[in-house]
Protein chains: 2
Amino acid sequence: MLHRNLALHTDLYLPRWMYIYWKQGRHHEKVVFDLYYRSNPFSGGYVVFAGLENIVHYLENVSFTEADIAYLKEQLGFEDEFEDVLRNFKFTGSLYSVREGEVIFPHEQVVRIESTIFEAKLFQTALLNIANHESLIATKYARIRQAAPNETLLEGGARRAQGVDAAYYGTRAAYIAGFDVTSLVSAGRDFDVPTGGTMEHADIQFHDDELSAFRSFAEMYPDNTSLLIDTYDTLKSGLPNAITVAKELEAKGHRLKSVRLDSGDLAYLSKRARKALNEAGLDYVKIVVSGDLDEYVIQDLRMQGAEADTFLVGTRGITAYEQPALGMVYKLVAREDESGELKPVIKVSSSKVKTTTPHKKELYRIIDNETKKFKGDYIALADEPVESYTEIDLIDVRDPAFKIKTRNFNVKRLLQPIFLDGKRVYDLPSTSEIRAYHHEQMNGLWEEYKRLRLPEVYSVTFSKPLWDLKLQMIRNTRIFKEV
Amino acid sequence: MLHRNLALHTDLYLPRWMYIYWKQGRHHEKVVFDLYYRSNPFSGGYVVFAGLENIVHYLENVSFTEADIAYLKEQLGFEDEFEDVLRNFKFTGSLYSVREGEVIFPHEQVVRIESTIFEAKLFQTALLNIANHESLIATKYARIRQAAPNETLLEGGARRAQGVDAAYYGTRAAYIAGFDVTSLVSAGRDFDVPTGGTMEHADIQFHDDELSAFRSFAEMYPDNTSLLIDTYDTLKSGLPNAITVAKELEAKGHRLKSVRLDSGDLAYLSKRARKALNEAGLDYVKIVVSGDLDEYVIQDLRMQGAEADTFLVGTRGITAYEQPALGMVYKLVAREDESGELKPVIKVSSSKVKTTTPHKKELYRIIDNETKKFKGDYIALADEPVESYTEIDLIDVRDPAFKIKTRNFNVKRLLQPIFLDGKRVYDLPSTSEIRAYHHEQMNGLWEEYKRLRLPEVYSVTFSKPLWDLKLQMIRNTRIFKEV
């Protein structure tokens, strides 16, 4: 699944302009594109970056088949000679990216492409599609993890996901963001995520009664039985039958693993179930709850003392139900001029937030030497020696006109070289490694920035040379506009 | 892309219970599962069914590889003998489905599977995943088509979709639902959807000035140039430059195709643009608008007299932003008893809407012989001779306790046989044929049911034998519950 060739997974205007630039003899000109987003989803304080592995596979596999070329020729009406240009297409540029699992903030360039305009154009749709989706879902699951820091979290949304990929890569994103288990077998295998799952109502209905169904499960999996107790009546039927089976298992030296509540009032029923199980001497039996859960419902259930050991999250996680799209964009920030020198470019918008930040830049995280917490991020022109600085001014987010002088920090460069001149120079970490890295980064972030609602705003500061350049370019464009 | 083997695209509990039933020697028992949804998305009046083609490909390709078997064995701890059972797995049952593009309503069984419990279990996750996604997106686009019945509709949301599949199959759904053009090349090719697209801000920035960029486009595509006019200043720069280029094209015997507005107030700017273009004698130049459009924004823009010939829809279409999941479910409704006879089963829930409708059923559309409009749908037990009825009682939706006697109708059976005993008996129509069929069905539906907000409720009636059976089974279960 990872090795599909997605050359035509592109918006038509991109190959159209590839052809135009080729015709003009400009296709070899070098450019820099930044990938970034503008505002945090879910009114939250951060995004969790994900999708790099998929982007790497995309770039390593992208090439035009004869059928691709024939179709494009029909659509764009290009010259025969251009067929060979497409036939020989492969990625020969450089790509820098933050790691998967990294915590990122608005306006930070988290992926930077340096290549010919010809190559950079083609990748736009696929890179945005992948990074937008996987980062959005990882962010949603990270928020759910925050709402349930100690419970087991089970991902099970495949049937409601927006297609097969959404289920599959969404599951990977859930695991990166701290979920423990998935029900989706394909993703479990391919991304080495622990799998789990209980039973469904049809399994009860396929037996003559509930107790027989429970016994079928217990007989086959005496140490791994999880009973769904809401098919007929949770308190009058499901729960007593589960206790009967638990006692039968005990008599044979086994332990019932859990019961699952999938309907009714989960706070009330889980408390009643916990009490009944405890009174029967079954305090070791876990309670799994499910049903339209997200970070808010989980917070409420916990506030009301729900007795849930495991939350099974479906629809609202896998679709990021509350806000099902992330708005990452892919913007040209520099291009080679006639002399071969890289020159910054800008797009000025009447909407300030849509004005791009020009030039090739680096992204740094300023980490406090004592607390090891993040003090803020710093974006500078690529040639500024930020790693040697001992003092940096960070924006005061309570009053962005002011800056706070910062000392005693460590500077971490966030963009990693992934491809250099077409050659991959980065070893893809395992999903578990990404998950551990993400966990570490979340620990680096003060609680204030992680609040689910109305979080504090994290400081992202432009260096003075970068800020001066941006202002100067805006002014120049304004003059142009007034012509 | 269509021919992936998705055997492990399943929730773990499904193969777990396949194994349990096999161990119990019950895996050959026949069952009937229904696929249906419970409430209309977007507070609307209908759903457009989509996903059948993908379901057919899934069922034709589903099989377990050695790697699949090894992984499942590790997860489920099954006996060696079961390996061969999986190795020989293929779909040998029957599947009935409404056509793609069909207009459907809550509680109608739109897919019916008749197979062994062993096979039916496995398909649940994939069938729901596919049908939920594609039907959801088709429904969203059908609503947008309603809001813009005469304009050209261009789909362009790939970069914000939830993964590659979501973009690809979402584009297909858009076309089925009446969109005219897509920007996504892969979907354009594979589903024979017309492709289109203009240019992006980076193309302007890659030139020294906007006019040069416009001229590059016009020179290469003199009869197919569509200019993005909002990069610097729509009214002061983009529009005058577009008019300049249009005049240059005219001088060479060509015509500028369109200008595109992607930011700012689209109602205001489109009217200003129309006026300026007309005053320059360019009334033939079309105006394309884009930017977070959905059915509601389009309604508002039209109400305000926006001069848009084409709406380009992105994020809010491809993700069904307002409600990004459809809740189709897959429920056991009948199973073979010891004597080999098919017996109805029910799941009774404290939530009335979640109580299933038992037994093998047929779904009929009652079409008025005079108006050719749909009078309502009728669900009956499979052996009722509904097609020979000359009088049918349909529920009065204003007071569901009453029924309306209906005569002078034609009965249309909606479920088509797709597979019979494992053999496909249905020829997949082309996407264009599905689109035309969908268009016809929308015409069969009175306007009242298609209102975007607060639509009239379409009548879906159970036959008396079916209703009696359901009530009887609920009563029997209630008795069971009171034990």
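Not measured: the values here are computed from a predicted model.

Here we look at the relation of the copies chain B and chain A
By a simple turn and slide, chain B fits onto chain A: the slide is 0.0 Å along the axis, the RMSD is 0.0 Å, and the turn is 180 degrees. Between the two chains, the operation in question is that of a two-fold axis. Interface residue correspondence from chain B to chain A reaches 100%, placing this contact among same-surface, isologous pairings.

Some words on the pairing of strand S9 (residues 258-261) of chain A
All names here are of chain A. Alternating residues of S9 divide into Ser258 and Arg260 and Val259 and Leu261, and every residue in both groups is buried. Where strand S8 (residues 226-228) lies against S9, 3 bridges are found, and the strand directions are parallel. Across the sheet, Leu228 pairs through a bridge with Arg260, a residue of S9. Across 4 bridges, the pairing between S9 and strand S10 (residues 286-290) is parallel. The residue bridging Val259 from the neighbouring strand is Ile287, located in S10. This β-α-β element, S9 to helix H11 (residues 266-279) to S10, shows right-handed connectivity.

Description of the sheet that holds strand S5 (residues 111-116) of chain B
Residues and elements named next belong to chain B. Within the open sheet, the 7 strands sit side by side as S13-S12-S1-S5-S3-S19-S20. Their pairing is antiparallel. Looking at the sheet topology across the chains shown, the edges are occupied by strand S13 (342-344) and strand S20 (423-424). Relative to strand S19 (residues 416-420), strand S3 (residues 94-97) runs antiparallel, the two being bridged by 3 bridges. Within S19, the position partnered with Tyr96 by the bridge is Pro417. This element, helix H5 (residues 117-147), spans strand S1 (30-36), S3, S5 and strand S12 (329-336) of the sheet and lies at about 155 degrees to S5.

A short note on the UniProt feature "domain: Nicotinate phosphoribosyltransferase C-terminal" (unreviewed entry) in chain A
The positions UniProt marks with the feature "domain: Nicotinate phosphoribosyltransferase C-terminal" (unreviewed entry) are residues 360-470 of chain A. This span, residues 360-470 of chain A, is 23% helix and 37% strand, and a straight line between its end C-alpha atoms measures 12 Å.

Overview of the interface of chain B and chain A
In this complex, chain B contributes 102 residues to the contact, which on the side of chain A involves 102 residues. Three residues stand out in chain B for area buried against chain A, namely B:Arg159, B:Gln162 and B:Phe206, and they jointly supply 11% of the buried area on that side. Of the charged contacts, one joins B:Asp203 and A:Lys121 as a salt bridge, the two residues approaching to 2.4 Å between their closest N and O atoms. Put simply, chain B and chain A have 60 residue pairs in polar contact (both at pLDDT 80 or more) between them. Here the side of chain B that touches chain A is built from residues that sort into 47 nonpolar, 31 polar and 24 charged.

Structural notes on the packing of helix H1 (residues 13-23) of chain A against helix H5 (residues 117-147) of chain A
The relative placement of two packed helices is expressed as an angle between their axes plus a distance between the axes. Residue and element names in this part refer to chain A. Packing of H1 against H5 brings their axes to within 8 Å, and their N-to-C directions diverge by 175 degrees. Between H1 and H5, the angle is such that the two are roughly antiparallel. Judged by residue contacts, Tyr13, Leu14, Trp17, Met18, Tyr21 and Trp22 of H1 engage Ile117, Phe118, Lys121, Leu122, Gln124 and Thr125 from H5.

Observations regarding the packing of aromatic side chains
How two aromatic rings sit relative to each other is set out by the distance from centre to centre and by the angle between their planes. The tally for this structure, following the rule as stated, stands at 48 aromatic pairs over all chains. Their ring planes at 55 degrees and their centres at 5.7 Å tell us that A:Phe462 and A:Trp467 sit as a pair that is tilted. On the accessibility criterion, A:Phe462 (12% relative accessible area) is buried. Under the relative-accessibility criterion, A:Trp467 is labelled partly exposed at 36%. Relative to B:Tyr21, the ring of B:Trp17 lies with its centre 5.6 Å away and its plane at 50 degrees, an arrangement referred to as tilted. Of the two residues, B:Trp17 and B:Tyr21 are both situated in helix H1 (residues 13-23); the distance of 4 residues between them amounts to about one turn of the helix. B:Trp17 sits in the buried class, given a relative accessible area of 0%. Seen from the ring of B:Tyr96, B:Arg112 lies directly overhead, with NZ or CZ sitting 4.3 Å from the centre.

Here we look at the domain arrangement of chain A
For chain A, the domain assignment lists domain 1 (13-138 + 324-482) and domain 2 (198-290). For domain 1 of chain A versus domain 2 of chain A, the distance between C-alpha centres works out to 50 Å.

Quick word on the environment of A:Lys286
Residues and elements named next belong to chain A. Take Lys286: it is sitting in strand S10. In this structure Lys286 comes out as partly exposed when scored by relative accessible area, which is 44%. For the pair formed by Lys286 and Glu81, sequence separation is 205 residues and the distance between their alpha carbons is 67 Å. If sequence neighbours within four positions are ignored, Lys286 has contacts with Lys257, Ser258, Val259, Arg274 and Asp309.

Some remarks on helix H4 (residues 80-87) of chain A
All names here are of chain A. If you check which residues of H4 are buried, you get Phe82, Glu83 and Leu86. For H4, the angular spread of buried residues about the axis comes to 115 degrees, placing them on one side. Exposed side chains of H4 directed beyond 90 degrees from the buried face belong to Asp80 and Glu81. Turning to H4, the residues buried within the fold contact H1, helix H3 (66-76) and H5.

Re the pattern of salt bridges
Under the criterion given, the structure shown has 90 salt bridges over all chains. A salt bridge links A:Arg189 to B:Asp68; its shortest N-O distance comes to 2.6 Å. Remark: B:Asp68 occurs in helix H3 (residues 66-76) and A:Arg189 occurs in helix H7 (residues 185-191); the pair is interchain, linking two chains. Across the salt bridge formed by B:Arg87 and B:Glu66, the nearest N and O atoms sit 2.7 Å from each other. Here B:Arg87 is found in helix H4 (residues 80-87), whereas its partner B:Glu66 is found in helix H3, with 21 residues between them in sequence. For B:Arg87, a relative accessible area of 33% corresponds to the partly exposed category. Residue B:Glu66 is classed as partly exposed on the basis of its relative accessible area, which comes to 46%. Three or more residues joined by partner-sharing salt bridges are found here, namely A:Glu66, A:Lys73, A:Asp80, A:Glu83, A:Asp84 and A:Arg87.

Rules used in this analysis
Residues numbered from 1 in each chain as written. Chains lettered and ligands numbered in written order. Predicted model: local features only at pLDDT ≥ 70, side-chain atom pairs only at ≥ 80, totals over all residues. Heavy atoms only, no water. Least-squares fit on C-alpha atoms with pLDDT ≥ 70 in both. Contact = heavy atoms within 4.5 Å. Buried < 20%, exposed > 50% of the residue type's maximum accessible area, 1.4 Å probe, protein only. Helix = DSSP H or I, 4+ residues; strand = E, 2+ residues; numbered from the N terminus. Pairing = 2+ DSSP bridges. Right-handed = clockwise from strand over helix to strand, strands pointing away. Axes fitted to C-alpha atoms, helices over the stretch in contact; angles between N-to-C directions. UniProt positions renumbered as here; feature names shortened; annotations may be inferred. Buried area = accessible area lost by both parts, 1.4 Å probe. Salt bridge = Lys/Arg side-chain N within 4 Å of Asp/Glu carboxyl O. Polar contact = N/O pair within 3.5 Å; in protein donor to acceptor, adjacent residues only side chain to side chain. Nonpolar A, V, L, I, M, F, W, Y, C, P; charged D, E, K, R; others polar. Parallel < 35°, antiparallel > 145°, perpendicular 65-115°, else oblique. Phe/Tyr/Trp six-rings, centres within 6.5 Å; stacked < 30°, edge-to-face > 60°. Lys NZ or Arg CZ within 6 Å of the ring centre and 35° of its normal. Domains from an automatic or database assignment. Arc of directions from axis to C-beta.

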